[in-house]
Amino acid sequence: MEADPRFAEFVAERGDALLRYGYVLAGNPHDAADLVQEALLKMRAAWPRLRRKENPESYARTTMARLHIAAWRLRRREQLAWDLPELEHHDRLPGGDEQRMWQALAGLPRKQRAVLVLRYYEQLGDAEIAAVLGISRGTVRSQAARALDKLRSTVPTEPMPRGNAR
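Criteria and thresholds
Residues numbered from 1 in each chain as written. Predicted model: local features only at pLDDT ≥ 70, side-chain atom pairs only at ≥ 80, totals over all residues. Heavy atoms only, no water. Helix = DSSP H or I, 4+ residues; strand = E, 2+ residues; numbered from the N terminus. Contact = heavy atoms within 4.5 Å. Phe/Tyr/Trp six-rings, centres within 6.5 Å; stacked < 30°, edge-to-face > 60°. Buried < 20%, exposed > 50% of the residue type's maximum accessible area, 1.4 Å probe, protein only. Axes fitted to C-alpha atoms, helices over the stretch in contact; angles between N-to-C directions. Left-handed = near helix turned anticlockwise from the far one by under 90°. Core = buried A, V, L, I, M, F, W, Y, C linked by side-chain atoms within 4.5 Å. Parallel < 35°, antiparallel > 145°, perpendicular 65-115°, else oblique. Nonpolar A, V, L, I, M, F, W, Y, C, P; charged D, E, K, R; others polar. Lys, Arg positive; Asp, Glu negative; His and termini not counted. Salt bridge = Lys/Arg side-chain N within 4 Å of Asp/Glu carboxyl O.

(A) Molecular detail of the overall build of the chain. Helix and strand content of the chain: seven helices and zero strands. For the chain, the share of sequence-separated contacts (at least 6 apart) that also reach a separation of at least 24 residues comes to 68%.

(B) Structural view of the packing of aromatic side chains. Going through the model one piece at a time under the given rule, you end up with three aromatic pairs. Consider the rings of F10 and W47, whose centres lie 5.9 Å apart with planes at 40°: the pair is tilted. Of this pair, F10 sits in helix α1 (residues 5-26) while W47 sits in helix α2 (residues 29-50), and the two are 37 residues apart along the sequence. Neither F10 nor W47 differs from the other in exposure class; each is buried. On the basis of an interplanar angle of 25° and a centroid distance of 5.9 Å, the ring pair of Y21 and Y121 is categorised as stacked. Of the two residues, Y21 sits in helix α1 while Y121 sits in helix α5 (residues 110-121), which places them 100 residues apart along the sequence. You can call Y21 buried: its relative accessible area is 1%. Given a relative accessible area of 36%, Y121 falls into the partly exposed group.

(C) Just the packing of α1 against α2, in detail. Contact geometry of α1 with α2 gives a least axis separation of 8 Å together with a crossing angle of 140°. In this structure, α1 meets α2 at a crossing whose hand is right-handed. Taken together, the residues of α2 that come into contact with α1 (itself represented by R6, F7, F10, V11, L18, L19, G22, Y23, L25 and A26) are P29, D31, A32, A33, L35, V36, L40, M43, R44 and W47.

(D) Fine view of the nonpolar core. With 39 residues, the main nonpolar core has L25, M43, M64 and L133 as its most contacted residues. For this core, the elements supplying multiple residues, two or more each, are α1, α2, α3 (56-76), α4 (96-106), α5, α6 (126-133) and α7 (137-154). Here this core takes eight residues from α2, the largest share from any one element.

(E) Here's a closer look at the packing of α1 against α5. The contact between α1 and α5 brings their axes to 8 Å, and the two run at 140°. With respect to their mutual orientation, α1 and α5 come out oblique. Here R20, Y21, V24, L25 and A26 of α1 come into contact with α5, specifically with R113, A114, V117, L118 and Y121. Residue composition of the contact of α1 with α5, grouped by class: eight nonpolar, no polar and two charged.

(F) Up close: the side chain of K111. Among the structural elements, K111 can be located in helix α5. For K111, which is buried and forms no salt bridge, the nearest opposite charge comes from D126, at a distance of 14 Å. When sequence neighbours within four positions are dropped, the list of residues in contact with K111 reads I69, W72, I135 and Q143.

(G) Up close: the environment of L50. Within the secondary structure, L50 is located in helix α2. Measuring from C-alpha to C-alpha, the distance between L50 and F7 comes to 9.8 Å, with 43 residues separating the pair along the chain. Setting aside anything within four residues of it in sequence, one finds L50 in contact with M43, P56 and Y59.

Scope: geometric values only; no functional claims are made or implied.
Structure representation (structure tokens):
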């Protein structure tokens, strides 16, 4: 396969944005990087027909959302091990309400998180989300409602008072 400089330009220009999108979908930087890498591999294979389209980034984002859901479906079928990991590692999150929001978002089931990301981050409508995830519009609405209910019950609606800074 011949190297196309336009693909390299696309990756250089939009790679960081795709990584941020992957982070919002997956909830951690490692899975986000994997999503971007897999999506770009699929995109590279389809580049000859994608470069003629107006927005190849939408193909990448749709692919990332579908890969995210596919990973969730695969993990749902995995057999769990009884042995706990020796060390636990969590990336450092911002403090206060923002930390509680990220933790609540990370605690949502994958499908609910994907629906919220597509609705509020990507600003897609129910029909578009349903097409991306391969589910019905009713499922999109019910998943969004459940996710928002869970977030509302987990994260306080009023900001907590901050201490006096001196």
